[in-house]
Amino acid sequence: MSDAPRTIVVSYRLPLTLRRVGPGWRGERSAGGLATALGPVVRGGRGLWVGAAGDAVTDADPERAALLAQWEEREGFVAVEIPASVHGGFYDGFANGALWPLFHHFPTRFHVRPGDWEAYVEANRLFRDAVLARLRPGDRVWAHDYQLLLLPALLREARPDLAIGFFLHIPFPASDVFRVLPHREELLRGLLAADLLGFQTWGHAQHFRWSLLRLLGMDSGLDRVEREGRVTRIEAFPIGIAPEEFTRPLALPRVQARVTELRGRGDVRRVLAVDRLDYTKGIPERLRAFRLLLERHPEWRGRVTLIQVAVPSRERVSRYRELRREVSELVGEINGELGTPEWTPVVYLKRSVAREELVALYAAADVCWVSPLRDGMNLVAKEYVACQEHGHGVLLLSEQAGAAAEMGEALHVNPYDVEDSAETLLRALTLPEGERRERLAALRVRVHHGTAHAWAERFLGRLDEASAERALHGGPSVAPLSVPDLVAAWSAARRRLLLLDYDGTLTPLRPRPSDAAPDADLLELLRGLAADPRNTLAVVSGRPAAVLEPWLGAVEGLHLIAEHGAARRLPGQAWQPLRAGADAEWKPRVRPLLDAFTLRAPGSFVEEKPHALAWHYRLTEPQFGEWLARELLATLEGLLAATEVRAVPGNKVVEVRFAWAHKGEAARTLLAETGADLALAIGDDQTDEDLFAALRPEDWSVVVGRQASRARFHLPVPDAVRAVLRTLSAA
Ligand code: ADQ
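Within every chain, residues take consecutive numbers counted from 1 along the sequence as written. Totals for whole chains, interfaces and linings use every residue, but because this is a predicted model, local features are given only for residues with pLDDT of at least 70 and side-chain atom pairs only at 80 or more, for both listing and counting. For the side-chain quantities, the full set of heavy atoms in the structure was used; hydrogens and water were omitted.

Enquirer: Can you help me understand the site of the ligand in this one?
Expert: Think of it this way: one heavy atom of a residue within 4 Å of a molecule or strand is enough to make that residue near it. Around the ligand, 23 residues are found, and the nearest of them are His169, Asp375, Met377, Leu379 and Glu383. Polar contacts, as used here, are pairs of N or O atoms within 3.5 Å; protein pairs need one atom able to donate a hydrogen and one able to accept it. Residues neighboring in sequence count only if both atoms are side-chain atoms. In this structure, an oxygen atom belonging to the ligand sits 2.6 Å away from a side-chain N or O atom of histidine 169. A distance of 3.3 Å separates a nitrogen atom of the ligand from a polar backbone atom of aspartate 275. Here, Shrake-Rupley sampling with a 1.4 Å probe gives the accessible areas, and only protein chains in the shown set may cover a residue. Computed on the free molecule, the ligand has an accessible area of 710 Å², of which 84% lies beneath the protein chains in the complex. Taken together, the residues of the shell around the ligand break down into 12 nonpolar, 5 polar and 6 charged. Note that Gly is not counted as nonpolar here; it falls among the polar residues with everything else outside the nonpolar set of Ala, Val, Leu, Ile, Met, Phe, Trp, Tyr, Cys and Pro and the charged set of Asp, Glu, Lys and Arg.

Shown next as structure tokens:
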């Protein structure tokens, strides 16, 4: 096997099922679009495919294990063995009882039992472990679908530099529906750890962004979200089929003979529907619409047949058993009420149909009726088009299927509207041949271009770009601080300026800001540094003077800078604005405007600081808040144009303050006043970036944490900052 970088595909199921045969086991390879698309990606040692080889595992079986080892050796299929104790809560529980209905917009079918979530987490860990155990340097991972939403984060935790892609095959729901889920924030974070997130349609991707904003307060660009210096790309990758898997069998003489046989006499039209027996597929709704057509247009009785092929699935879940009964009853009713000895309105095949027979059915059908109530893509629509090689059939397609976003030439229908569905079916049955051919030709071009292979290639190409971009910009581009080098420069300097941020730098960030008061150790440390006549020590904070004074005012020789630089206190003196003569008249003009905005946006409020006013809108409806903030900024721009006061957008806040009131200005002032030949600035957040920017190239700027920063160096945590300061104090 070669050492080249490999792709590790991870999906709930392997394209391999292990079945009991007598006392032993047999492995069966399963076909299908995904297997065809990803086969070449993993085959021949180019990668691995990690997933379950069938259902839960009840007990250890050496024969099964030996067979699986063979499959891994020969095919690169790595089986994740999920114990029955986990599988129930994971698969039937959280994945199919909670995620599946909600993601398809069925909140009323949503059901979680105690323990389901824990099983879901545990199962995701099993997949992670299987991946980690096989990972080699340079490998990239591509995880699939709703069963594995936590996998990107679990992998990222273990391997910060791994290239991770994730594709969601089912729709992502509207945020009002998504927020019904327990653990919704963890699920979003689980996904965000990927470098690339793929959705079937742009619409699903937008739903995801909207949930990020409303649940995590996270803004995103149209195709990316950035936080903590890390980028996740968000894109639509509509999946396709491998058309040759359908056209090849179709060309066989025996299949052609079957097509002719199915067409039979030319006077009965065949409408075909092919689904997994799932409540998202809209089967009962379709049957009711078909009945309505026959009732309203009796001339079609005896002239049209609906062939409904439905393969039972997830039969352990009770909703699916109920659906199976409902469909059987409806079919029985329609056939019983409307059928004749010569004609059966609905032919119901409740089973999986072999590929050759399926292809013949597609080719022989005059109409293919694809009417899911909600669907990620729906491949049946594309398979039908591929099989209409010489035909002129009509595709009737639900506007709720992801496929509708691409297949504009189909007849679209609202599957919930039974009357509209019946009328659109009538239109499909009576569409002139010229129009049918035209529509089909356009659809065929799409299906043959957007193949499963093209889809996989495009996704992996984008994944490489996204992870290369991360390697360039994100991560540890800031070097760790070398303490010996700093100590050497420090000892050689004649005049030293220390600019220290407070929260997150000298003390860890606390949930309640009032809990961050300095401890004795910190006060001692600051006293020691301030006492050295070669040092100028300044704490540069966003906090107001009213907080800094009681906390730090007693440290002799300490400079204090409050409100990001608006006010300062020289050692032993009174507080004053950083710039003398600053206009204090602006506040009474601005305040009423902010109050008016507060009334318009429930949940927002105004914070009054000695030198600034801030309008906070974190608790308002996000999009409305953003929209109002833009309006406020524009209004203030005009109002403040002739003053030295500016409105600045922040994180869910519009702050109105002096244009010069930022940490950079404070740093420049102190640099000029002290004439220091060495400056050291340490900080942790966005406002400290101004501080770093104000330093000279040879100065020492240090960011706390691993985020992207213009600082030259980084330290991991506030404790490490204190350790460095202790060393300097002793030097
Ligand atoms: P599914 O929900 O399984 O897939 P779909 O895209 O329609 O939905 O694929 C079903 C597949 O099963 C098709 O290839 C079809 O031919 C086959 N099939 C269905 N009934 C059959 C039968 N009775 N006999 C034989 N074959 C049958 C999920 C998402 C979709 C998304 C796909 C791929 O729910 O929205 O399109 O993944 O990403």
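Enquirer: What is the right way to look at the pattern of salt bridges in this model?
Expert: A side chain with one charge can pair with a side chain of the opposite charge if their charged atoms come near. Salt bridge criterion: a side-chain nitrogen from Lys or Arg within 4 Å of a carboxyl oxygen from Asp or Glu. Here the structure, examined in full by the defined rule, presents 65 salt bridges. Its salt-bridge partner being glutamate 185, residue arginine 184 comes within 3.2 Å of it at the nearest N-O pair. Each residue's exposure class comes from its accessible area (1.4 Å probe, protein chains only) as a fraction of the maximum for that residue type: buried when under 20%, exposed when over 50%, partly exposed otherwise. Residue arginine 184 is classed as partly exposed on the basis of its relative accessible area, which comes to 23%. What makes glutamate 185 partly exposed here is its relative accessible area of 25%. A salt bridge links arginine 543 to aspartate 503; the shortest N-O distance between them is 2.7 Å. Of this pair, arginine 543 sits in the loop between β19 (535–540) and α20 (545–552) while aspartate 503 sits in the loop between β18 (496–500) and α19 (520–531); the two residues are 40 residues apart in sequence, bridging distant segments of the chain. For the pair arginine 543 and aspartate 503, one class covers both residues: buried. One salt-bridge network, in which partners are shared between bridges, spans Asp223, Arg224, Arg233, Glu235, Arg458, Arg462, Glu465 and Glu469. Labels follow the DSSP assignment, with helices taken as runs of H or I lasting at least four residues and strands as runs of E lasting at least two, numbered in each case from the N terminus.

Enquirer: When you look at the pairing of strand β10 (residues 230–236) in this model, what are you seeing that I'm missing?
Expert: Successive side chains on a regular strand alternate, one facing one side of the sheet and the next facing the other. For β10, the buried fraction is high: 6 of the 7 residues fall into the buried class. Strand pairing follows a simple DSSP-based rule, namely that at least 2 bridges must link the two strands. The sheet contact formed by strand β8 (residues 196–199) and β10 spans 4 bridges and is parallel. Counterpart to phenylalanine 199 in the pairing with β10 is alanine 236. Of the pairings in the sheet, the one linking strand β9 (residues 224–227) to β10 comprises 4 bridges and is antiparallel in character. Bridging from a neighbouring strand, arginine 224 pairs with arginine 233 of β10.

Enquirer: Sorry if this is basic, but what is going on with the sheet that holds β10 here?
Expert: In a beta sheet, neighbouring strands are held together by backbone hydrogen bonds and run either parallel or antiparallel to one another. Strand order in the open sheet formed by 8 strands is β5-β4-β1-β6-β7-β8-β10-β9, and the pairing between neighbours is mixed. Two strands close off the open sheet at either side, each with one partner strand: β5 (77–79) and β9. Within this sheet the neighbouring strands show an average axis-to-axis angle of 20°, counted without direction. Where helix α5 (residues 151–158) meets the sheet, it contacts β1 (7–13), β6 (140–144), β7 (163–167) and β10, and its direction lies at approximately 175° from that of β7. Geometry is summarised by axes, namely lines fitted to C-alpha atoms with helices restricted to the contacting stretch, and by angles between N-to-C directions that run from 0 to 180 degrees. What makes two residues a contact is simply this: any of their non-hydrogen atoms within 4.5 Å.

Enquirer: I tried to follow the environment of alanine 489 on my own but got confused; where do I start?
Expert: For alanine 489, the position within the fold is in helix α18 (residues 483–492). Taking the C-alpha atoms as reference points, alanine 489 and tryptophan 700, 211 residues apart in sequence, are found 9.7 Å from one another. Those residues within four positions of alanine 489 in sequence are excluded, and the remaining contacts are Leu678 and Trp700.

Enquirer: I tried to follow the state of the cysteines on my own but got confused; where do I start?
Expert: Think of a disulfide as a covalent bridge from one cysteine sulfur atom to another cysteine sulfur atom. We call a pair of cysteine sulfur atoms a disulfide whenever their separation is within 2.5 Å. Using the criterion set out here, one finds 0 disulfides in the structure. The thiol of cysteine 368 is unpaired, and the distance to the nearest cysteine sulfur, on cysteine 387, comes to 9.6 Å. Cysteine 368 gets classed as buried once you look at its relative accessible area, which sits at 0%. The buried category is assigned to cysteine 387, whose relative accessible area is 3%.

Enquirer: For this particular structure, what's the right way to read the packing of aromatic side chains?
Expert: Each aromatic ring pair is characterised by the separation of its centres together with the angle its planes make. Stacked, edge-to-face and tilted are the three classes for Phe, Tyr and Trp ring pairs, Trp counted by its six-membered ring, which pair at centre distances within 6.5 Å; planes under 30 degrees apart are stacked, over 60 edge-to-face, the rest tilted. In the structure shown here, the tally under the stated rule is 32 aromatic pairs. Seen from their ring centres, tryptophan 49 and phenylalanine 77 are 6.4 Å apart, and the 85° between their planes marks the pair as edge-to-face. Residue tryptophan 49 is located in strand β4 (residues 47–52), and its partner phenylalanine 77 is located in strand β5; the two are separated by 28 residues in the primary sequence. The exposure classification of tryptophan 49 matches that of phenylalanine 77, with both residues buried. A ring pair is formed by tryptophan 100 and tyrosine 146, whose centres lie 5.4 Å apart and whose planes are at 50°; its orientation type is tilted. Placement of the pair is tryptophan 100 in helix α3 (residues 84–103) and tyrosine 146 in the loop between β6 and α5, with a sequence separation of 46 residues. In terms of burial, tryptophan 100 and tyrosine 146 fall into one category: buried. These aromatic residues form a ring-pair network of at least three members: Tyr12, Phe90, Tyr91, Phe94, Trp117, Tyr120 and Phe127. Only when the NZ atom of a Lys or the CZ atom of an Arg is both within 6 Å of the ring centre and within 35 degrees of the ring normal do we say a charge sits over the ring. The residue whose ring lies beneath arginine 74 is tryptophan 71, and the NZ or CZ to ring-centre distance is 5.4 Å. Over the face of the ring belonging to phenylalanine 597 we find arginine 600, whose NZ or CZ atom lies 5.2 Å from the ring centre.

Enquirer: Just to check I follow, could you spell out the environment of valine 413 for this structure?
Expert: Tracing the sequence through the fold places valine 413 in strand β16 (residues 411–413). Sequence separation of valine 413 and arginine 19 is 394 residues, and the distance between their C-alpha atoms is 41 Å. Dropping the residues within four chain positions of it, valine 413 is found in contact with Leu397, Ser398, Glu399, Asp420, Ser421 and Thr424.

Enquirer: Any chance you could explain the sheet that holds strand β28 (residues 700–704) here in plain terms?
Expert: Pairing is mixed across the open sheet formed by 9 strands, whose spatial order is β17-β29-β28-β27-β18-β19-β20-β21-β22. At either end of the open sheet lies a strand with only one pairing partner, and these are β17 (479–480) and β22 (575–577). The strands touched by α19 within the sheet are β18, β19 and β20 (558–562), with β19 carrying the most contacts at an inclination of about 140°. Along the sheet, helix α24 (residues 686–694) contacts β18, β27 (678–683) and β28; its crossing angle with β27, the most-contacted strand, is approximately 170°.

Enquirer: What is the right way to look at the nonpolar core in this model?
Expert: In globular proteins that are soluble, nonpolar side chains generally tend to be buried together. By nonpolar core is meant a set of buried Ala, Val, Leu, Ile, Met, Phe, Trp, Tyr and Cys residues that side-chain atoms within 4.5 Å join together. Val10, Phe90, Phe103, Tyr120, Leu187 and Phe208 are the most contacted members of the largest nonpolar core, which has 100 residues in total. Considering each element in turn, this core owes the most residues, 10 residues, to α3. Domains are outlined according to an automatic or database domain assignment. A domain-level breakdown of this core finds at least three residues from each of domain 1 (7–81 + 127–236) and domain 2 (244–449). Not counting the four nearest positions on each side in its chain, leucine 187 is found in contact with Phe94, Leu99, Trp117, Tyr120, Leu149, Leu150, Phe178, Leu181 and Pro182.

Enquirer: Is there a simple way to explain unusual backbone geometry in this structure?
Expert: Trans peptide bonds make up the majority, and among non-glycine residues the majority have a negative phi. Phi at histidine 183 takes a positive value of approximately 65°, unusual for a residue other than glycine. The topology assignment puts histidine 183 in the loop between α6 (175–178) and α7 (184–192). By relative accessible area, which is 29% here, histidine 183 ends up partly exposed. You will see that histidine 564, though not glycine, has its phi angle at about 60°, which is positive. With respect to the secondary-structure elements, histidine 564 resides in the loop between β20 and β21 (567–569).

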